Structure formats: C-alpha cells, structure tokens
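Coordinate inspection notes
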Amino acid sequence: MIKKEMKEYTNEWELLEKGRNYLSRKNLYANTNLAFRFFNGDQWQGLKKGLVEPITLNFLKPIVKYKIGVVNGNGYDITFNPNNYNDPRFQVEMSDICDSLNEYIAILWENKKINQYTRTIAKDACICGEGIIYLNYDIKEGEIIPELIDNTEIYYENENSENLQENDYIIITSRSSVREIREEAERNRKEGLNSLTKEEIKKICGDNKTEYQAGDYANDEVNDMVTTISFFKKKNETVWFSKATETCVIEDLRDLGLKRYPIAHFVWESVKGSARGMGEINKATIANQIEVNKTATRESAAITMTAYPKMVVNRDRIANPTAVNKVGSVIYTKDKTVEDVSKVIGYINAVPLSSDAQNFKNELISHTRELSGAGDQLTGNINPERASGQAILAVQQQGEQTMTEQLIRFKDFLEDIANIVFEMWKVYTDEKGKTIITKEDIESIKDEQPTVPEGVDNSNPYSEKTIEETEEKRQADFDERIINNRVGNGNELIDLEKSQGDVKKKEIYISKVIPKEIIEKLEVNVKVDVTPNTPFDKYAYQQSMDTLLQSGVIDLEEWIMGLKPDSAIPRQPFFDLLQRRKEKETQINILDQEAEKKKAEMDANIEQAEQQADAQALQQQGENKQLFYQDVTK
C-alpha cells in the first residue's frame, strides 16, 4: 500500500484558506472579475456567436468615469496641527514643526506617487466596491513605500466591519517569483529572522493558485510564481508581522511597534454587515447592461433581415444564375421574354421597424444613469458658451450632492493614510532624528542658519556666541554676494534692487532634521483640506476675477497675483510682464531722480554764481565809490 505524502501547512496558510472559503461563498472573486470585465467592455464572454455579431453599448464605463472624476477632481491637502494641549508652551513651539511637516508630506505625496495610487484606489472602489493601500517602511531610506492591494488579495479576521483596526489579524497575499522568495528567505536566515535551513529554502517551489487573483490576465503567468502571505496580528496593543508561503515561514513573527495596521481601504458604498462594500458595477447595473446589449443586438438582426429590399429569383428560369449578384452583369432568361421578367425576378419590400425596442433601450440606459446619479443634468452637461461659470458650477454641485458620501469616505481614507505615515515617523525615527525636505526661499535660509560657516567656532554650535558669529559671517557672505552681483554694471542702485528681488523670489528644496525627542513627543491632529479643482471651478473663478478687474475693484497687479498657477490663463507670463514694467518704472524713477538732482545742482550752481556775481558787483561798486570820494577830497 502506497502512503500518500501529506503537506505540513503553516498557521498563516490555514487562516488564508479559511478566508478564501468565506470569500468564495460570497462570490467575491467571480463578482470582482465580472465587474472589471464589464467596465472594460468585455460583456459577451462565453457567447457562441451566430450569424449576427453581438453589439455592446457600454454605458457603465461613463458612469464610473464621471464618478471617479468627481472624487479625483478635487485637490486634497494634508495638514498636521499640534495636539499637545496639556503643554501650551510646547503647543506653540510645535506649530512651526507642523508647518514644516505639512510642506514635507506634500512633497512626499508627489515623490511617492501617492496621488496616483489614491486615484487608482478610487477607480477600483467605484468598480468593485473597495480599494486598498498598504504602507511598508524602508528603514534604510527612512520613508514609506506604498503598495496597491486588490480586494481579492486581502483577508480580514472580521469580514463584517469596515473598521480595519478592529481586526485581530489581517492577511495580504501576493504572487512573487520563486527566485525572489528564495533569496529573501536566505537573507532572513542569515539575519536570524527565520529558522529555515538551506535545504528547506531550496524546497520553496511555485504553485498554480492563480484563481484568486483579480483580472483575467492574472491567471496566465510567464514565470514560476509562488503565493506569499504577509500576516499582521494585534498582540500586546501593537501590530506584529510575519511572512510565509504555503509550507514555510520565511520571516518569523516580530513586533512592528505600530498601534494601527499599516493598511487603509476606501469603501465606495457601505453594505450592512460587510467590510467590502459595493461598487457602481453591481448585479443591478450589470443586468441592465446585458438587457441593453441584447436589445441592441436584436435591433441589428431585425434591421439586417427586414429593413432592406430583398431579391427573389426563379433560378430554373435564368441561364446564368451567378450573374444575379454581380453589378452590371447581363441576365439571360430561359423560355421567357423581357416582358415576362417579373415572373423570373421579384422583390420583397422593406418592412418598417417598430420604435418600441429602441425607445425601451434608450429609456433603460437613461433610467440606469439617472438612478446611479450620473444623468445629463446631474453631470452638468451644459454648453459653457451659453451659460455662466456660476450657473454651470451650480448645476455641477447639485449633481455632486449624490456623491457626498463617497467624498467624505475618501477624505477619511486620506486621513487614515496620513495618520499611519505620522505614526511610522514616530516609531521608526532613529537617534539622528527625522530628516524632512521643505521648500524655502533664500532669505529664510539666510535667517535659519542651517549650517555653521567656515571660520566660526563650532565647539558649541548652540551657544549664543556661536550663533551670533554665525549670523555675522553669513550676513557678510550674503552682502558680498549681493555686491559681486552688481560689479561692472553701469547703475549700481538698480542692480542692487534687482539682485535683492531675485533673491526673494528664488525657492529651493532643503533638508531639515527634527530631533527624535521632538517627533516622539509631538501629537498631531490630521486634517484634509478639500479644494474643488474641476475645469468648471477654474472657469467660474476666472470669470469672477475678470469681473472684479472690469469693475475696478482690483487693479491689474492684484488680478495677476490672484490668478492660480493652474488657471486657464497662465499667470507667469503676466507676472513677468508686470515685473518688467516695474523694473522700467524703477529705472525711469531713478533717472527722473537723477535728472532732478542734476537740475537742482545746476540751479544751485547758477544761484551761487549769481550771488557771487552780485557780490563782486557790489564790491566793485564799493571800490569805485571809494575811489570817487578820494578824488573829490583831493
């Protein structure tokens, strides 16, 4: 009798199988693939085609695109506010730190492509109900690494609650190459993060468990892949982490030091008793889409069969039947004269089609869009040339009222991400402090003294003497740069003002270090500021600015400074024009001042010369009188 070899599964894998069984009963895998398939227009999968080509009128995709456009059309700014209310002095001091963190997280959002990830998550949630992001942390880089997770790759201990932090454990699966996992397991073995042997690592092999992946293309892999499990568990009020495959643990359970799971999800529409939610492409809308496609296909078949005249031929009475279907061919009849040709060839006239089918199809599309909150009126489908920006915006905002729940959920989702990021900063900042990047202008750099210049005593960089010497040295260097900038120019005063103006406008990125004790003590309140940023919002704002300028409430300079960087009218060319105009006015004023000064000097010289001439004349007159009196007395 041959004994069947039994596999020894890891505990993480057994919990994964439990989650897979639950999601399979709920048809999550099949429904997710179906939703993405219908969004992409693949709505006739499995159909055996006949003589009529099936027609697809995909009205679900515009609904999804409109709704994710509403969510992604806003600007979202993360703001950290100090929350150390028990220490008022520290609260005031931390306001500047939070300002720097606000600048840094805006830069981080761009550098790490988090905006791009969140837009994808909004799209996934709108289609299938849920979008997920996992925030890993790179100790060497000292910053987060965001990863997108499909709803078929995450498993909750509590599948009945949307609050992820209430779960006892969370599992994330991924498909990785066998070579990559073996190398990771070997690195962890050398670092003491697992108890595997080299032989056990070599036994890690690929599997074909692709049926749990989202997307039809995910079922067809090129290389040898294996399923890995990232296991997160709440233990002793902190999150613990391990990583495993089906048969071995490649990273033992260890404490991450975090109080919350580094995972956030965005649920499109809440479903009572479910952590997953529901998207716009669901059973109801899919059923309507299928019926629309069927009706359109039936219409096409009916038009093909009855909407055009058909020729009827008595084949036995035609000598050359193949000529009937050829344009310009001569048809020869048998035993029939030309007058009797109607007995050989006839026509069936076209039958008019009923409009009921077309009306039903259009009404079904219209009603589905209206019930989904994406009809023409709600989406602001208005000609902007025939309506004001405020009118268009009013209609658009009215349509977005149905999206209030999704907008609030998305805002909360971004706040969850920011809270996770800040907690990672607090937990993983080393003794050197947290290095951040901010955007500063040259004058602020000159004032903040980020480094000690050469030639200054650095024995105690925080002493008052060192700071004073640093300030004097830096101010001297700054003055020297200004002086050098105007050497060799004809008008030193103009160049000095121009150089100082350029210095004030110049912005660069610099790095700062927040001490570890500060970042650990700091408590923050995270807020997400939402700024409408759709084309109609920009159009309405531009119209308001133009009206204020035309009415004289603001001048040209205020109008230019009021333009947004991403407005329909670019601000920079007007700003440059204004600067050139100011420079010319400054030059003219300086020349006028110099001319007035020279005129005053000339007037003073003339007056002095006249006074000297008068004095000389008086003196000469006196001398003449004296000579006259002398002559008389003689």
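Note that the structure is a prediction, hence the values are computed from the model and not measured. (Residues numbered from 1 in each chain as written. Predicted model: local features only at pLDDT ≥ 70, side-chain atom pairs only at ≥ 80, totals over all residues. Heavy atoms only, no water.)

Below, the discussion takes up the overall build of the chain. On a plain count of helices and strands, the chain comes out with 18 helices and 14 strands. Per-residue burial for the chain yields a buried fraction of 37% across its 634 residues. Counting contacts in the chain only where the partners sit at least 6 residues apart, residues at least 24 apart contribute 69% of the total. Surface exposure of the chain reaches about 38,800 Å², of which carbon and sulfur atoms provide 50%. (Helix = DSSP H or I, 4+ residues; strand = E, 2+ residues; numbered from the N terminus. Buried < 20%, exposed > 50% of the residue type's maximum accessible area, 1.4 Å probe, protein only. Contact = heavy atoms within 4.5 Å. Areas by Shrake-Rupley, 256 points an atom, 1.4 Å probe, with all protein chains shown as cover.)

With that out of the way, let us pick up a nonpolar patch on the surface. A contiguous nonpolar surface patch, about 290 Å² in accessible area, is contributed by Met311, Val313 and Tyr347. Here Val313 lies in strand β10 (residues 310-313). The exposure class of Val313 is partly exposed, given its relative accessible area of 33%. (Patch = residues over 30% accessible without salt bridge, like charges linked within 9 Å, V, L, I, M, F, W, Y side chains within 5 Å. Salt bridge = Lys/Arg side-chain N within 4 Å of Asp/Glu carboxyl O.)

For the rest of this paragraph, the subject is the packing of helix α2 (residues 28-39) against helix α5 (residues 114-128). It is at 9 Å that the axes of α2 and α5 come closest, and there the two elements cross at 105°. Relative to α5, the element α2 is oriented roughly perpendicular. Packed against α2, whose contacting residues are Thr32, Ala35, Phe36 and Phe39, the element α5 presents Lys123, Asp124, Ile127 and Cys128 at the interface. Tallied by class, residues from the contact of α2 with α5 come to 5 nonpolar, 1 polar and 2 charged. (Axes fitted to C-alpha atoms, helices over the stretch in contact; angles between N-to-C directions. Parallel < 35°, antiparallel > 145°, perpendicular 65-115°, else oblique. Nonpolar A, V, L, I, M, F, W, Y, C, P; charged D, E, K, R; others polar.)

A contiguous patch of negative charge on the surface is contributed by Asp603, Glu607, Glu610 and Asp614. Here Asp603 is to be found in helix α18 (residues 571-633). Residue Asp603 is classed as partly exposed on the basis of its relative accessible area, which comes to 40%. (Lys, Arg positive; Asp, Glu negative; His and termini not counted. Charge placed at Lys NZ, Arg CZ, Asp CG, Glu CD.)

Attention now goes to the sheet that holds strand β4 (residues 154-156). Pairing between sheet strands relies on hydrogen bonds along the backbone, with the strands arranged either parallel or antiparallel. Strand order in the open sheet formed by 5 strands is β4-β5-β6-β7-β8, with antiparallel pairing between adjacent strands. Both outer strands of the open sheet, β4 and β8 (249-255), are each paired with one neighbouring strand and no more. Between one strand axis and the next, the sheet turns through 15° on average, direction left out of account. With 4 bridges joining them, strand β7 (residues 238-244) and β8 adopt antiparallel strand pairing. When the bridges of β8 are listed, Lys243 appears paired with Glu251. Packed on one face of the sheet, helix α1 (residues 11-25) meets β4, β5 (169-177), β6 (225-235), β7 and β8 and runs near 95° to β6. On top of the sheet, helix α6 (residues 178-190) reaches β5, β6, β7 and β8; it is set at about 120° to β5, its chief contact. (Pairing = 2+ DSSP bridges.)

One number sums up the size of the largest pocket: a volume of about 1,000 Å³. Residue lining of the largest pocket: 33 residues in total, with Asn136, Tyr137, Glu184, Glu251 and Arg254 positioned closest to the centre. No other element matches the 6 residues that α6 contributes to the lining of the largest pocket. Partitioning the lining of the largest pocket into residue classes produces 16 nonpolar, 6 polar and 11 charged. (1 Å grid on protein atoms, 1.4 Å probe; cavity = no way out; pocket = protein on both sides within 12 Å on 5 of 7 lines; lining within 4 Å. Points joined across faces, edges and corners; volume = space filled by probe spheres on them.)

Our focus in this paragraph is the confidence of the model for the chain. Mean pLDDT for the chain: 78, with 74% of residues reaching 70 or above. Contacts for the low-pLDDT stretch residues 1-6, under 50 throughout, to residues beyond four places or in other chains number 0 contacts. Across residues 444-454, confidence stays below pLDDT 50; counting only partners more than four residues off in sequence or on other chains, it has 23 contacts. (pLDDT = per-residue confidence, 0-100.)

What follows covers unusual backbone geometry. The phi angle at Asn27 is positive, at roughly 60°, despite the residue not being glycine. Its location among the elements puts Asn27 in the loop between α1 and α2. With a phi close to 70°, Glu237 is a non-glycine residue in the positive phi region. Mapped onto the elements of the fold, Glu237 is located in the loop between β6 and β7.

Counting buried positions along β5 gives 8 out of 9 residues, so the element sits mostly inside the fold. Sheet topology note: the β4/β5 ladder contains 3 bridges and is antiparallel. Its bridge partner being in β5, Tyr155 is matched across the sheet by Ile171. Bridge count between β5 and β6: 9 bridges; the pairing is antiparallel. Looking at β6, one finds that Ser174 is bridged to Thr228.

This model, assessed by the stated rule, comprises 14 aromatic pairs. Summarising the aromatic geometry, the rings of Phe266 and Phe410 are spaced 5.2 Å apart at their centres and angled 70° between planes, so their arrangement reads as edge-to-face. One end of the pair, Phe266, is in strand β9 (residues 263-267); the other, Phe410, is in helix α11 (residues 404-428), and 144 residues separate them in sequence. A network of ring pairs unites the aromatic residues Tyr76, Phe266, Trp268, Phe410 and Phe413 as a single cluster. Residue placement shows Lys61 over the ring face of Phe39; its charged tip is 5.3 Å from the ring centre. (Phe/Tyr/Trp six-rings, centres within 6.5 Å; stacked < 30°, edge-to-face > 60°. Lys NZ or Arg CZ within 6 Å of the ring centre and 35° of its normal.)

This brings us to the pattern of salt bridges. As enumerated under the stated definition, the model contains 22 salt bridges in all. The salt bridge involving Glu141 is made with Lys112; its shortest N-O contact spans 2.7 Å. With a gap of 29 residues between them, Glu141 in the loop between β2 (130-138) and β3 (143-149) and Lys112 in the loop between α4 (88-111) and α5 connect regions that are remote in the sequence. Classification of Glu141 as partly exposed rests on a relative accessible area of 47%. A salt bridge links Lys516 to Glu520; the nearest nitrogen and oxygen atoms lie 2.8 Å apart. Within this pair, Lys516 and its partner Glu520 are both found in helix α15 (residues 516-521), separated by 4 residues, close to a single helical turn. Each of Glu130, Glu159 and Arg276 takes part in salt bridges that share partners, so that together they form one network.

Helix length check: α1, at 15 residues, gives a terminal C-alpha distance of 22 Å against a target of 21 Å (1.5 Å per residue), a fit within 8%. Where α1 ends, the next residue or the one after it, Asn27, has phi of about 60°, a positive value. (Expected span 1.5 Å × (residues − 1).)

It is worth spelling out empty space enclosed by the protein at this point. Remark: the empty space left among the atoms is shown by a probe the size of a water molecule rolled over them. The tally for this structure, following the rule as stated, stands at 1 cavity of 30 Å³ or more. Residues belonging to the lining of the largest cavity are distributed by class as follows: 2 nonpolar, 1 polar and 3 charged.

Taken in spatial order, the 3 strands of this open sheet run β3-β2-β9, and their pairing is antiparallel. Among the strands making up the open sheet, the edge pair consists of β3 and β9. Adjacent strand axes in the sheet meet at a mean angle of 25°, parallel and antiparallel pairs treated alike. Here β2 runs beside β9; their pairing, made up of 5 bridges, is antiparallel.

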